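Residue-level listing of the chains:
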Amino acid sequence: MNAETRRRRVPALAPDERRAALIAATLPLLRTHGAAVTTRQIAEAAGVAEGTIFGVFPDKASLLSAALCTAFEPEPVLRALSAIDPGATLRERLKDAAAILTRRVESSVPLMMLARTMPLDSSPFAALVDGRRRLTEAVADLIEPDKHLLRRSPDATSRLLFALVVSAARGDLPHEQFTPDEIVAVLLDGLLHVPSDPGEA
């Protein structure tokens, strides 16, 4: 079956649905090709004629910007963080949070790097910054009940956790398999108060 036949069989979509379908087709290509992805590649992945793209988006840059903003939406990750058992220990809660953030960051590292090449007032960069702020706030809320155990505030601890997750995902940390458990061990074992009385441990 050739590309033209596939395109003829794609059902007509409402504008919002077509927009979402084009964004969904663009995101995997952005992770592979970055900004060098072509509208032809996107059209083939979406199963549409290349001209269809420009019936929805004024240009390629607008499509890439919309795709990046969609990728940085924090709602799915916020829902996952909110499902962490509040009755678990601080270490277990942070392990769960680190695993959730690791999955998010690993899938987004190429997109994050691309967004950081854009102007500070661009929509994707603003979405990246806002998404990270909301995620660190959510993790800080997870830490809040046990803040008395730490030498740093929940907000500072959350930002440190996020920084370690990003560094591990980008391969900046000196370990090929830096797991979420190891990240939390580095974080907590460096921040927990050391009891003056061994019996307090």
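The rules behind each value
Residues numbered from 1 in each chain as written. Predicted model: local features only at pLDDT ≥ 70, side-chain atom pairs only at ≥ 80, totals over all residues. Heavy atoms only, no water. Buried < 20%, exposed > 50% of the residue type's maximum accessible area, 1.4 Å probe, protein only. Helix = DSSP H or I, 4+ residues; strand = E, 2+ residues; numbered from the N terminus. Arc of directions from axis to C-beta. Contact = heavy atoms within 4.5 Å. pLDDT = per-residue confidence, 0-100. Core = buried A, V, L, I, M, F, W, Y, C linked by side-chain atoms within 4.5 Å.

Enquirer: Where do I start with helix α10 (residues 180–189) in this structure?
Expert: Within the span of α10, buried status applies to I183, V184, L187 and L188. Looking straight down α10, one finds that the buried residues subtend no more than 115 degrees of arc, so they occupy a single side. On its buried side, α10 packs onto α7 (90–115) and α9 (154–170).

Enquirer: How should I be thinking about the confidence of the model for the chain in this particular structure?
Expert: When pLDDT is averaged along the chain, the result is 88, and 87% of the positions lie at 70 or above. Confidence, read as mean pLDDT per element, is least for helix α1 (residues 3–9) in the chain (48) and greatest for helix α6 (residues 75–82) (97). Per-residue pLDDT stays below 50 along residues 5–9; that stretch engages in six contacts with residues further than four places along the chain or on separate chains.

Enquirer: Just checking my understanding: could you explain the environment of R19 for this structure?
Expert: Relative to the assigned elements, R19 resides in helix α2 (residues 15–33). In this structure R19 comes out as partly exposed when scored by relative accessible area, which is 37%. The spatial distance from the C-alpha of R19 to the C-alpha of G55 is 9.7 Å, given a sequence separation of 36 residues. Excluding residues that lie within four positions of it along the chain, R19 makes contacts with V56, F57 and A66.

Enquirer: For this particular structure, what's the right way to read the nonpolar core?
Expert: Burial of nonpolar side chains together is a common tendency in soluble globular proteins. Ranked by size, the top nonpolar core spans 51 residues in total, and within it L30, F72, L81, L94, L101, V139 and L161 carry the most contacts. The greatest single-element share of this core, amounting to 12 residues, is contributed by α7. Setting aside residues no more than four positions away along its own chain, L101 makes contact with V77, L135, V139, L161, F162 and V165.

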